[in-house]
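Structural characterization, general
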Protein chains: 2
Amino acid sequence: MFNPEFDDIKTLRTAADRVFESLQDAIVRGEIPPGSRVGETELAVRFGTSRGPLREALRRLESRHLVERTPHVGIRIASLGYAALIEIYYVREALEGMAARLAALHMTDTEVAGLKALLAAHEQDEALKADTAYFQQEGDLDFHYRIIQGSHNAALAEMLIGELYHRIRMYRYQVSAYANRPQKAFAEHQRIVEAIEARDGDLAEMLMRRHLSSARQNIEKHQKEHA
Amino acid sequence: MFNPEFDDIKTLRTAADRVFESLQDAIVRGEIPPGSRVGETELAVRFGTSRGPLREALRRLESRHLVERTPHVGIRIASLGYAALIEIYYVREALEGMAARLAALHMTDTEVAGLKALLAAHEQDEALKADTAYFQQEGDLDFHYRIIQGSHNAALAEMLIGELYHRIRMYRYQVSAYANRPQKAFAEHQRIVEAIEARDGDLAEMLMRRHLSSARQNIEKHQKEHA
DNA sequence: TTTGACCGAGTTGTCGACAATCTTTGCGCT
DNA sequence: AGCGCAAAGATTGTCGACAACTCGGTCAAA
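Position labels on residues start from 1 in each chain and follow its written sequence. Chain letters start at A and ligand numbers start at 1, both assigned in the order the entries are written. This being a predicted model, a pLDDT of at least 70 is required before a residue's local features are given, and a value of 80 or more before pairs of side-chain atoms are given or counted; all residues contribute to the totals for chains, interfaces and linings. Side-chain descriptors were evaluated using all non-hydrogen atoms of the structure, hydrogens and water having been removed beforehand.

To continue, consider the interface of chain B and chain A. Residue contacts are defined here by distance: any two heavy atoms, one from each residue, within 4.5 Å place the two residues in contact. Listed per partner, the contact involves 35 residues of chain B and 35 residues of chain A. What gets called buried area is simply the loss in accessible area from a 1.4 Å probe that two parts show on being joined, summed for both. Each partner contributes to the roughly 2900 Å² buried at the junction of chain B and chain A, and carbon and sulfur atoms together form 57% of this total. For this analysis, a salt bridge means a side-chain nitrogen from Lys or Arg found within 4 Å of a carboxyl oxygen belonging to Asp or Glu. At the junction of chain B with chain A, the criterion picks out 10 salt bridges. Ionic pairing is found between R209 of chain B and E205 of chain A, a salt bridge with its closest N-O pair at 2.6 Å. In protein, a polar contact means a hydrogen-donor-capable atom and an acceptor-capable atom, both N or O and within 3.5 Å, with residues adjacent in sequence counting only if both atoms are side-chain atoms; elsewhere, any N or O pair within 3.5 Å suffices. Inspection of the region where chain B meets chain A yields 16 residue pairs in polar contact (both at pLDDT 80 or more). Only runs of H or I of at least four residues qualify as helices and only runs of E of at least two qualify as strands under DSSP, and these elements are numbered from the N terminus. Within the residue set of the side of chain B that touches chain A, elements represented by two or more residues are α2 (15-28), α4 (51-63), α5 (82-106), α8 (154-174) and α10 (201-225) of chain B. The leading source of residues in the side of chain B that touches chain A is α5 of chain B, at 10 residues. Residue type decides the class: Asp, Glu, Lys and Arg count as charged, Ala, Val, Leu, Ile, Met, Phe, Trp, Tyr, Cys and Pro as nonpolar, and the leftover types, Gly among them, as polar. The residue makeup of the side of chain B that touches chain A, split by class, is 14 nonpolar, five polar and 16 charged.

Right under this line is the structure:
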């Protein structure tokens with residue numbers, strides 16, 4: 001982030017950590033085809049290290065469900081199917097609903113102000129970009145990130161950001177971005193922020209759960225039409 | 001293929017997997033003091049393997065927050081503090097609430113029957129054992145396990161059983177079992193099962209959330225009294 | 001006395017080589 | 001021709017050794 005050149009050498013201390021981040025990024029972005037088999041030696045030379053650190057990185061990626069490993073056979077890049085994505089959305093609904101509730105209770109005033117500013121910026125950009133799906137996805141991510149952080153619950157944040165979001169993003173790269181609904185989502189975001197600003201935990205949780213439930217149903221609808 | 005003795009070679013395929021399970025068990029049970037520093041060589045000889053597989057196991061335990069690692073310094077056994085436990089209970093409330101909802105919708109009739117049978121067995125044992133806390137803990141665990149499995153949501157189950165429960169159990173071994181409330185908890189269990197049997201997802205989720213919220217408040221109360 | 005650097009012991013990080021296992025290929029048999 | 005088995009090849013699992021780093025102690029200088 002801060003060292004434009006040669007940052008990969010110093011930013012991450014050990015080779016295992018470096019490989020972990022690089023490989024995770026490559027998987028999430030779809031640079032390595034999901035479901036494909038990859039050899040350890042192949043990956044080791046690709047990331048310029050030995051098999052030892054690589055295997056440590058693989059064990060961590062296995063914990064995050066980004067690679068699947070069968071002993072003595074090898075590893076394959078995880079492929080998030082439709083059914084698994086729907087499962088994750090139910091988990092997301094539960095966790096982010098709780099996050100919104102806790103955010104309403106625990107967010108500082110400055111955090112709330114920042115959230116409102118973010119929303120205002122989205123309104124500007126959306127007015128410009130109309131229905132550009134991809135941008136809204138990124139903005140959507142920022143919005144949810146802030147609320148999760150605003151819950152001030154590290155365990156909750158770690159589960160959502162550290163585990164689920166990578167898998168969801170992988171799916172988005174995998175299938176070419178299902179139809180989303182920027183303008184409708186934006187309105188829902190606005191009401192969620194209003195509830196947080198009013199410190200109404202019950203309402204914030206309910207609105208967030210509806211928001212994510214709608215997103216899930218939208219995916220389900222999209223799947224039915226294209227199947 | 002047939003070696004009756006030395007079966008520990010067969011039970012878990014690789015040494016890394018064996019160490020992972022053994023070490024996780026040792027940590028959760030408190031055999032290794034929480035917060036203590038342990039050397040890699042020391043652990044390697046303890047589990048009869050080399051440092052390679054051990055380090056792979058450590059990386060997985062790190063993902064599960066059972067050990068903390070700082071590069072070039074070493075690893076220390078995780079110690080779940082009071083604040084972290086409360087955080088986890090909020091996550092649990094969200095996830096198991098959703099699990100109860102999904103269980104009400106997706107559990108098969110035989111699964112529901114099994115759940116009712118389990119509850120009946122608890123009633124018998126509880127009548128005998130009165131207020132024995134530890135037993136209720138185990139029975140409590142079984143009860144929650146079944147509902148989580150009954151949700152038929154693998155992602156949800158993995159998060160709860162694969163991650164959170166280990167940490168909670170570690171806390172139970174750490175502080176000598178906070179006061180629980182077997183008879184009250186049992187009544188709450190019963191009502192949850194009734195809601196599931198009636199296929200009332202809304203009610204099941206609400207009751208489960210109240211159940212876990214009460215448990216959390218009980219811990220908080222216990223903490224205030226003993227601090 | 002205190003501060004600072006230096007040095008050595010011990011631990012972690014990394015690597016290459018060897019052993020164990022799976023997969024594939026090719027041969028022989030029915 | 002098809003099937004089964006066996007050997008070869010390739011890949012993963014494991015180990016021991018060396019390099020890099022951290023931490024504690026020691027000594028010298030202000």
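Now for the protein's contact with DNA strand C. Around DNA strand C, 19 residues are found, and the nearest of them are A15, T49 and S50 of chain A together with R51 and R55 of chain B. Here the atoms of DNA strand C within 4 Å of the protein split so that 76% fall in sugar or phosphate, with bases taking the remainder. At a separation of 2.9 Å, a phosphate oxygen of DNA strand C approaches a polar side-chain atom of T49 of chain A. Here a phosphate oxygen of DNA strand C sits 2.9 Å away from a polar atom, N or O, in the main chain of S50 of chain A. The near set for a molecule or strand comprises every residue that places at least one heavy atom within 4 Å of it.

With that settled, consider the relation of the copies chain B and chain A. In superposing the copies, a least-squares fit is computed on C-alpha atoms, taking residues whose pLDDT is at least 70 in both. Mapping chain B onto chain A calls for a rotation angle of 180° and an axial translation of 0.0 Å; the resulting RMSD is 0.0 Å. Such a combination of turn and shift is consistent with a two-fold rotation axis. In this assembly the copies share their binding face: 100% of the residues contributing to the interface of chain B also contribute to that of chain A.

Glancing now at the protein's contact with DNA strand D. Surveying the vicinity of DNA strand D reveals 19 residues, the closest of which are R51 and R55 of chain A together with A15, T49 and S50 of chain B. The sugar-phosphate portion of DNA strand D accounts for 74% of its atoms within 4 Å of the protein, the bases making up the rest. Contact between DNA strand D and R51 of chain A: a base nitrogen at 2.8 Å from a side-chain N or O atom of the residue. T49 of chain B is positioned such that a nitrogen or oxygen atom in its side chain is 2.8 Å from a phosphate oxygen of DNA strand D. If you list the elements that add at least two residues to the surface near DNA strand D, you get α4 (51-63) of chain A together with α2 and α4 of chain B.

Next up on the list: the sheet that holds strand β1 (residues 37-38) of chain A. All names here are of chain A. Paired strands, in this sense, are two strands between which DSSP finds at least two bridges. The antiparallel open sheet is built from three strands, whose spatial order is β1-β3-β2. Pairing within the sheet leaves two strands with one partner each, and these edge strands are β1 and β2 (67-70). Pairing geometry for β1 and strand β3 (residues 74-77), over two bridges, is antiparallel. When the bridges of β3 are listed, R37 appears paired with R76.

Turning our attention to the packing of α2 of chain B against α4 of chain B. All names here are of chain B. Where helices are involved, their axes are fitted lines through C-alpha atoms of the stretch in contact, as for all axes, and angles between N-to-C directions lie from 0 to 180°. Remark: α2 packs on α4, axes separated minimally by 8 Å, with the N-to-C direction vectors making an angle of 50°. Taken together, the axis directions place α2 and α4 in an arrangement best described as oblique. Along this stretch, α2 crosses α4, giving a crossing that reads as right-handed. Of the residues in α4, those touching α2 at A15, A16, D17, V19, F20, L23, Q24 and I27 are P53, L54, E56, A57, L58, R60 and L61. Here the residues of the contact of α2 with α4 are counted per class, giving 11 nonpolar, one polar and three charged. These descriptions rest on fixed angle ranges, namely under 35 degrees for roughly parallel, over 145 for roughly antiparallel, 65 to 115 for roughly perpendicular, and the rest for oblique. Handedness of a helix crossing follows the sense of rotation of the near helix relative to the far helix, less than a right angle counterclockwise being left-handed and clockwise being right-handed.

A few words on the packing of aromatic side chains. Aromatic contacts are taken between Phe, Tyr and Trp rings whose centres are within 6.5 Å, Trp giving its six-membered ring; a plane angle under 30 degrees counts as stacked, one over 60 as edge-to-face, and the others as tilted. Overall, the coordinates contain two aromatic pairs over all chains when judged by the stated rule. Here Y145 of chain B and Y165 of chain B contribute two aromatic rings whose centre-to-centre distance is 5.5 Å and whose plane-to-plane angle is 45°, an arrangement assigned as tilted. Here Y145 of chain B is found in helix α7 (residues 133-150), whereas its partner Y165 of chain B is found in helix α8, with 20 residues between them in sequence. Only protein chains enter the accessibility calculation, which uses a 1.4 Å probe. A residue is then buried if its area is under 20% of the maximum for its type, exposed if over 50%, and partly exposed in between. Accessibility expressed as a relative area gives 27% for Y145 of chain B, which makes it partly exposed. In this structure Y165 of chain B comes out as buried when scored by relative accessible area, which is 4%. Positioned above the aromatic ring of F20 of chain A is the side chain of R60 of chain A, whose terminal nitrogen or guanidinium carbon lies 3.9 Å from the ring centre. By the criterion adopted, a ring carries a charge over it if an Arg CZ or a Lys NZ lies within 6 Å of its centre and within 35 degrees of its normal.

What follows is about the pairing of β3 of chain A. All names here are of chain A. Residues of β3 alternate between two faces, with I75 and I77 buried on one and G74 and R76 left unburied on the opposite face. As paired strands, β2 and β3 are joined by four bridges and run antiparallel to one another. Its bridge partner being in β3, V67 is matched across the sheet by I77. Where β2 folds back on β3, the antiparallel hairpin that results is connected by three residues, among which H72 adopts a positive phi of roughly 65°.

On to α4 of chain B. To estimate how far a helix should reach, multiply one less than its number of residues by 1.5 Å. In a regular helix each residue adds 1.5 Å, so 13 residues correspond to 18 Å; α4 of chain B covers 18 Å between its end C-alpha atoms and thus fits that length. In this fold, the buried residues of α4 of chain B make contact with α2 (15-28) and α4 of chain A together with α2, α3 (40-46), β2 (67-70) and β3 (74-77) of chain B. Positioned one or two residues after α4 of chain B, H65 of chain B has a phi angle of 65°, which is positive.

Residue and element names in this part refer to chain B. Non-glycine residue H65 carries a positive phi angle of around 65°. Relative to the elements of secondary structure, H65 occurs in the loop between α4 and β2. Non-glycine residue R199 carries a positive phi angle of around 60°. With respect to the helices, strands and loops of the structure, R199 is situated in the loop between α9 (182-197) and α10.

In this section: the sheet that holds β3 of chain B. Residues and elements named next belong to chain B. Pairing is antiparallel in the open sheet, where three strands are placed in the order β1-β3-β2. At either margin of the open sheet sits one strand with a lone partner, and together these are β1 (37-38) and β2. Contacts between α4 and the sheet are confined to β2 and β3, with β2 contributing the most and set at about 110° to the helix.

Our next topic: the pattern of salt bridges. This model, assessed by the stated rule, comprises 40 salt bridges over all chains. For R59 of chain A, the salt bridge goes to E56 of chain B, with nearest N and O atoms at 2.3 Å. Taken together, the residues R59 of chain A in helix α4 and E56 of chain B in helix α4 connect one chain to another. On the accessibility criterion, R59 of chain A (2% relative accessible area) is buried. Classification of E56 of chain B by relative accessible area gives buried; the value is 6%. Among the salt bridges present, the one from E40 of chain B reaches R51 of chain B, with a minimum N-O distance of 3.0 Å. Residue E40 of chain B is found in helix α3, and its partner R51 of chain B is found in helix α4; the two are separated by 11 residues along the sequence. Here the salt bridges do not stand alone but share partners, grouping D17, E56 and R60 of chain A together with E40, R51, R55, R59, E62 and R69 of chain B into one network.

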